[in-house]
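# A closer look at the structure
Letter by letter, the chains look like this.
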Amino acid sequence: MDHADRLKRLQFRAWHRGTKEADLLIGGFFDRFSAGWTQGETDWFEALLEVDDVTIMAWAIGTETPPADIDGPMMRRMQQLDYIPIAK
């Protein structure tokens with residue numbers, strides 16, 4: 001599968017998590033940053049999508065520590081939470 005097709009599939013998975021909160025967190029992260037992802041960063045995100053939403057959200061807001069294979073620059077970027085659209 002080429003990179004563009006893979007990103008389309010990951011975008012769908014990122015925005016169809018089951019709860020609005022998870023969609024905004026994971027889908028918003030994808031939309032903001034995925035255009036510049038390397039193969040390794042895309043692999044990281046695909047692995048992240050295999051984790052349940054509650055755990056991802058806990059890692060993102062800092063109530064749980066992510067495991068070593070998830071922790072790193074991509075998780076730090078996700079933990080900034082500045083990519084989530086907030087309705088006013």
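Look up a bit, the structure's there.
The following refers to the structure shown. (Residues numbered from 1 in each chain as written. Predicted model: local features only at pLDDT ≥ 70, side-chain atom pairs only at ≥ 80, totals over all residues. Heavy atoms only, no water.)

Another point: the packing of aromatic side chains. Counted by the stated rule, this structure contains 9 aromatic pairs. The interplanar angle of 40° and the centroid separation of 5.9 Å between the aromatic rings of Phe 29 and Trp 37 together place this pair among those described as tilted. Pair check on accessibility: Phe 29 and Trp 37 agree, each one buried. Put simply, the rings of Phe 29, Phe 30, Phe 33, Trp 37, Trp 44, Phe 45 and Tyr 83 touch in pairs and so form one group of aromatic residues. Arg 77 extends its terminal NZ or CZ atom over the ring of Phe 33, reaching a point 5.1 Å from the ring centre. (Phe/Tyr/Trp six-rings, centres within 6.5 Å; stacked < 30°, edge-to-face > 60°. Buried < 20%, exposed > 50% of the residue type's maximum accessible area, 1.4 Å probe, protein only. Lys NZ or Arg CZ within 6 Å of the ring centre and 35° of its normal.)

Right, let's get into helix 2 (residues 20-33). Spanning 14 residues, helix 2 covers 19 Å between terminal C-alpha atoms, matching the ideal 20 Å at 1.5 Å per step. Those residues of helix 2 lying buried are Ala 22, Asp 23, Leu 25, Ile 26, Gly 27, Gly 28, Phe 29, Phe 30 and Phe 33. Residues of helix 2 that are buried in the fold lie against helix 1 (3-15), helix 3 (39-48), helix 4 (53-61) and helix 5 (73-79). (Helix = DSSP H or I, 4+ residues; strand = E, 2+ residues; numbered from the N terminus. Expected span 1.5 Å × (residues − 1). Contact = heavy atoms within 4.5 Å.)

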